[in-house]
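Here is what each chain is made of, one letter per residue.
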Amino acid sequence: TRSFTDPSVSMDLLRAVLQPSINEEIRGIFNKYMKFFQTAAINVRDNVGEEVDPEQLIQETCRSCLEQAKLLFSDGKKVVPRLPHEQAVPKRARQMDEELSRRGSPVPKKRKGRPPGQSLSNDRGVSGMAAWKLKVSEPVKRDGPKWDPSRLTETTTFVLGSRANKALGMGGTRGRLYIKHPHLFKYAADPQDKHWLTEQQHMRAIGGKMAYLLIEEDIRDLAASEDYRDSVDLRLEELKPFIPPAWMTEKMQKHMETLRRGGDVPPPEEPPE
């Protein structure tokens, strides 16, 4: 048992009291730069493949930012390891980084160009996404009847994520569906699933690209909602629903149960192309 006169215990009690306020300020900082992350993630998706998940890229980037920010409070003994592509940073840049860390200043000198808060509405893929905000401490809720694995039966129909994006009028920003509706159930097809989908001509052979499957009923419910029902871009004929084999449905049931219980999703067996 540790005494409350222990300095580390006293400081941690103070930290616990201040943590909610600190989290709110951190969220505000990330919201300030979110437009840059959104633009970059959309560009990556457009360049790498249509099934790249921009939401996942943004979350990973934000976590990396927090890890690198620890350098500001390094005691000189425990240093956060740099990412591989950062090892090649010129010596002068590293010296400036270290100097900023010693000074405790997280803000470098301002450079010419667009400030973080300036509108990027002309950038490709950003239109309509400005309202999306990062919820640093708010987990995605996966409960209710839509997350009951028993709803997935041998007669449940599914659609490809790329077709769902087109059906809801997001054909030009295909990953936007997953960002705008993070509570939507989606299943990343593995190589065995892709082989069946290709054989049945539900999709073209796409190599290592990701392919997501979504429940048709969920997409039609979205289409009937206030956000989409009056849209002139609605194209429900693009859905092309299909019934997967029983073995694939069983895998999706297990996947939904894992997500509902808050478990981690295993990484895809094939990287994006």
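Residues numbered from 1 in each chain as written. Predicted model: local features only at pLDDT ≥ 70, side-chain atom pairs only at ≥ 80, totals over all residues. Heavy atoms only, no water.

Put simply, the rule is: UniProt positions are given in the numbering used here, feature names are shortened, and annotations may be inferred rather than shown by experiment.
Labelled according to an unreviewed UniProt entry, the chain appears under the name Deoxynucleotidyltransferase terminal-interacting protein 1, originating from Drymodes brunneopygia. UniProt annotates the chain under Function (unreviewed entry) with the comment "Increases DNTT terminal deoxynucleotidyltransferase activity (in vitro). Also acts as a transcriptional regulator, binding to the consensus sequence 5'-GNTGCATG-3' following an AT-tract. Associates with RAB20 promoter and positively regulates its transcription. Binds DNA and nucleosomes; may recruit HDAC1 complexes to nucleosomes or naked DNA." Quoted straight from UniProt, the Subcellular location (unreviewed entry) entry for the chain says "Nucleus".

### Concerning unusual backbone geometry
Note the threshold: Here the term buried applies to any residue with accessible area under 20% of the maximum for its type, exposed to any over 50%, and partly exposed to those in between, with areas from a 1.4 Å probe on protein chains only. Working definition: helices are DSSP H or I runs of at least four residues, strands are E runs of at least two. Numbering for both runs from the N terminus.
Backbone geometry at Gln201 places phi at a positive 60°, although glycine is not the residue there. Here Gln201 falls in the exposed class, since its relative accessible area comes to 73%. Phi is positive for Lys240, which is not a glycine, with a value near 50°. With respect to the helices and strands, Lys240 occurs in the loop between α7 (216-223) and α8 (246-260). Assessed through its relative accessible area of 48%, Lys240 is described here as partly exposed.

### A closer look at the sheet that holds strand β2 (residues 186-188)
Either a parallel or an antiparallel arrangement is found when strands of a sheet pair, and the pairing is made through backbone hydrogen bonds. Our working definition: We treat two strands as partners when DSSP finds at least two bridges between them. An axis is simply a line fitted to the C-alpha atoms; with a helix, the fit covers only the stretch in contact. Between two such axes, the angle follows the N-to-C directions and lies from 0 to 180 degrees. Note on contacts: a residue pair is in contact if any heavy atoms of the two residues lie within 4.5 Å.
The sheet built from three strands is open, its strands ordered β1-β3-β2 with antiparallel pairing. The sheet is open, and its two edges are formed by β1 (158-160) and β2, each paired on a single side. Going from strand to strand, the sheet's axes swing by 30° on average, the running direction of each strand aside. Its contacts with the sheet place α8 against β1, β2 and β3 (212-215), and it is angled at close to 115° to β2.

### Points about the state of the cysteines
How we decide: For the purposes of this analysis, a disulfide is any pair of cysteine sulfur atoms at a distance within 2.5 Å.
Throughout the structure, instances matching the rule amount to zero disulfides. Cys62 forms no disulfide, and the closest cysteine sulfur to it belongs to Cys65, at a distance of 6.0 Å.

### Re the packing of aromatic side chains
Cut-off, in case you're wondering: Pairing of aromatic rings covers Phe, Tyr and Trp, the last counted by its six-membered ring, and requires centre-to-centre distances within 6.5 Å; plane angles under 30 degrees mean stacked, over 60 mean edge-to-face, and any other angle means tilted.
Following the criterion strictly, the structure yields three aromatic pairs and no others. Ring geometry for Trp196 against Phe242: centres 6.2 Å apart, planes inclined by 45°, an arrangement best described as tilted. Remark: Phe242 occurs in the loop between α7 and α8 and Trp196 occurs in helix α6 (residues 191-199); sequence separation between them is 46 residues. Looking at Phe242, the relative accessible area reads 5%, which means it is buried.

### Re helix α2 (residues 54-69)
Counting along an α-helix, one turn takes 3.6 residues, and residues three or four places apart therefore face a common direction. To keep things clear, this is the line we draw: Residue count minus one, scaled by 1.5 Å, sets the expected span of a helix. It is the directions from the helix axis to the C-beta atoms that the arc portrays. Polar contact criterion, stated in full: a pair of N or O atoms within 3.5 Å, where within protein one must be able to donate a hydrogen and the other to accept it, and residues adjacent in sequence count only if both atoms are side-chain atoms.
Between the first and last C-alpha of α2 there are 23 Å, a value that for 16 residues agrees with the 22 Å anticipated at 1.5 Å per step. Turning to α2, its buried residues number three or more, namely Pro54, Glu55, Ile58, Cys62 and Gln68. End-on view of α2: buried residues confined to an arc of 155°, all on one side of the axis. Along its buried surface, α2 packs onto α1 (7-48) and α5 (176-180). Capping the start of α2 is the job of one residue whose side-chain oxygen sits 3.1 Å from the backbone nitrogen of Glu55: Asp53.

### As for the environment of Lys254
Counting through the fold element by element, Lys254 comes out in helix α8. C-alpha of Lys254 to C-alpha of Pro149: the two residues are 105 residues apart in sequence and 7.5 Å apart in space.

### Some remarks on the packing of α6 against α8
We count it as follows: In this scheme, roughly parallel covers angles under 35 degrees and roughly antiparallel covers those over 145, while 65 to 115 is roughly perpendicular and the rest are oblique. Crossing handedness is defined as follows: a turn of the near helix away from the far one that is anticlockwise and smaller than a right angle gives a left-handed crossing, while the clockwise case is right-handed. All amino acids are sorted into three groups, where Ala, Val, Leu, Ile, Met, Phe, Trp, Tyr, Cys and Pro are nonpolar, Asp, Glu, Lys and Arg are charged, and the leftover types, Gly among them, are polar.
Here α6 crosses α8 at 140°, and the two axes come no closer than 11 Å. By the angle class used here, α6 and α8 are oblique. Judged by the twist between their axes, the crossing of α6 over α8 is left-handed. On the side of α6, the interface is formed by Gln192, Asp193 and Trp196, while α8 contributes Trp247, Met248 and Lys251. Partitioned by chemical class, the residues of the contact of α6 with α8 number three nonpolar, one polar and two charged.

### A closer look at the pattern of salt bridges
The line we're drawing: The salt bridge criterion pairs a side-chain nitrogen of Lys or Arg with a carboxyl oxygen of Asp or Glu, the two atoms within 4 Å.
Across all of its chains, the model carries 15 salt bridges by this definition. For the salt bridge of Arg27 with Glu24, the shortest nitrogen-to-oxygen distance reads 2.4 Å. Pair noted here: Arg27 and Glu24 are both in helix α1, with a separation of three residues, about one helical turn. The residue Arg151 makes a salt bridge to Glu217 at a minimum N-O spacing of 3.1 Å. On the criterion of sequence distance, the pair formed by Arg151 in the loop between α3 (91-103) and β1 and Glu217 in helix α7 is long-range, its members being 66 residues apart.

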